[in-house]
Amino acid sequence: MTKTHAENTPSDALTAWRKAFFTRNVKAFAEGFAQNVVLEASALRKSVEGRDRVRQMLWTAAEIYESLVSTDQASSGQHIYIEWVATAFGGKQLRGSTILVTNEEGKIDHAVVQHRPLDGLLALSAELGKRMNGVEDSEYFWKEGER
């Protein structure tokens, strides 16, 4: 039985996002995305499109975090807003926000992930570039020594 839009709420997408992220279930993580999902991120120079590419990019980024805690959330219509705190790189703190937009089927079709402070953001982009080497074009990522 297929759910109607009224039965697919932003909270369903948020629940799926959190379950996949915190249980480290890569298959469940991809199931929450629409086929043509778009990811925009402060750690990327360009957006990434498509379920498999977005899943791999986000999953690779998630593996960099040593911890991640959601601190606040809100939703409005088909938009979900999440604030979070993470640690990476030997306990350095990153703060950020994620915006998820769901489609009529309740799948995430647009995600925006923002990190701060700048030093942590640049370190994350560089590390993500190293880990995605050979998978995504290096032009997506900041490299140490660049201006």
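Everything below is about the structure shown above.
This structure is a prediction, so every number in the text was calculated from the model and none was measured.

What counts and what doesn't
- Residues numbered from 1 in each chain as written.
- Predicted model: local features only at pLDDT ≥ 70, side-chain atom pairs only at ≥ 80, totals over all residues.
- Heavy atoms only, no water.
- Pairing = 2+ DSSP bridges.
- Helix = DSSP H or I, 4+ residues; strand = E, 2+ residues; numbered from the N terminus.
- Contact = heavy atoms within 4.5 Å.
- Axes fitted to C-alpha atoms, helices over the stretch in contact; angles between N-to-C directions.
- Buried < 20%, exposed > 50% of the residue type's maximum accessible area, 1.4 Å probe, protein only.
- Expected span 1.5 Å × (residues − 1).
- Polar contact = N/O pair within 3.5 Å; in protein donor to acceptor, adjacent residues only side chain to side chain.
- Phe/Tyr/Trp six-rings, centres within 6.5 Å; stacked < 30°, edge-to-face > 60°.
- Lys NZ or Arg CZ within 6 Å of the ring centre and 35° of its normal.

Draft legend 1. Main features of the sheet that holds strand β2 (residues 48–49). Spatially, six strands are ordered β2-β1-β6-β5-β4-β3 in an open sheet, and the strand pairing comes out mixed. Unpaired on one side and paired on the other, β2 and β3 (65–76) mark the two borders of the sheet. Bridge count for β3 against strand β4 (residues 79–88) is ten bridges, and the pairing is antiparallel. Paired with Tyr65 across the bridge in β4 is Ala88. Along the sheet face, helix α3 (residues 51–64) touches β1 (33–41), β2, β3, β4 and β6 (108–116) and points at about 50° away from the line of β1. Across the sheet, helix α4 (residues 118–131) is in contact with β3, β5 (92–102) and β6; its angle to β6 comes to roughly 125°.

Draft legend 2. Structural detail: unusual backbone geometry. Cis peptide bonds are those with omega within 30 degrees of zero, and the linkage from Arg116 to Pro117 qualifies with 0°. Secondary-structure assignment places Pro117 in the loop between β6 and α4. Of note in this structure, Phe89 is not a glycine but carries a positive phi near 55°. Note on placement: Phe89 falls in the loop between β4 and β5. Taking the relative accessible area as the measure of exposure, Phe89 reaches 30% and is therefore partly exposed.

Draft legend 3. Geometry of the environment of Ile80. Looking at where Ile80 falls in the secondary structure, it is placed in strand β4. Sequence separation between Ile80 and Ile108 is 28 residues; the distance between their C-alpha atoms is 9.8 Å.

Draft legend 4. α3, seen in detail. For α3, built from 14 residues, the straight-helix expectation of 20 Å at 1.5 Å per residue is met to within 8% by its first-to-last C-alpha distance of 20 Å. Regarding α3, the residues found buried are Val54, Met57, Leu58, Trp59, Thr60, Ala61, Ala62 and Ile64.

Draft legend 5. Just α4, in detail. Over its 14 residues, α4 extends 20 Å from the first C-alpha to the last, a length consistent with the 20 Å expected when each residue adds 1.5 Å. Taken as a whole, α4 has its buried residues at Gly120, Leu121, Leu124, Ser125, Ala126, Glu127, Leu128 and Gly129. Where the residues of α4 are buried, they touch α3, β3, β5 and β6.

Draft legend 6. Layout of the side chain of Asn103. If you trace the backbone, Asn103 turns up in the loop between β5 and β6. Given a relative accessible area of 14%, Asn103 falls into the buried group. A polar contact of 2.9 Å, which involves the side chain of Asn103, links it to the backbone nitrogen of Glu105.

Draft legend 7. The pairing of β6, seen in detail. Pairing of β1 with β6 involves five bridges; the strand directions are parallel. Counted as the bridge partner of Phe33 is Ile108 from β6. As defined by bridge partners, β5 adjoins β6 across eight bridges and the pair is classed as antiparallel. Counterpart to Leu100 in the pairing with β6 is Ala111. Here β5 folds back onto β6, and the loop between the two strands holds five residues, one of which, Gly106, carries a positive phi near 85°.

Draft legend 8. The arrangement of the packing of aromatic side chains in detail. If you walk through the whole model with that rule in mind, you get two aromatic pairs. When the ring of Tyr65 is compared with that of Trp84, the centres are 6.0 Å apart and the planes differ by 50°; the resulting orientation is tilted. Placement of the pair is Tyr65 in strand β3 and Trp84 in strand β4, with a sequence separation of 19 residues. Side by side, Tyr65 and Trp84 carry an identical accessibility label, which is buried. Ring geometry for Tyr140 versus Phe141: centroids 6.3 Å apart, planes at 45°, classification tilted. For Lys46, the ring lying beneath its charged end belongs to Tyr140, and the centroid distance is 4.7 Å.

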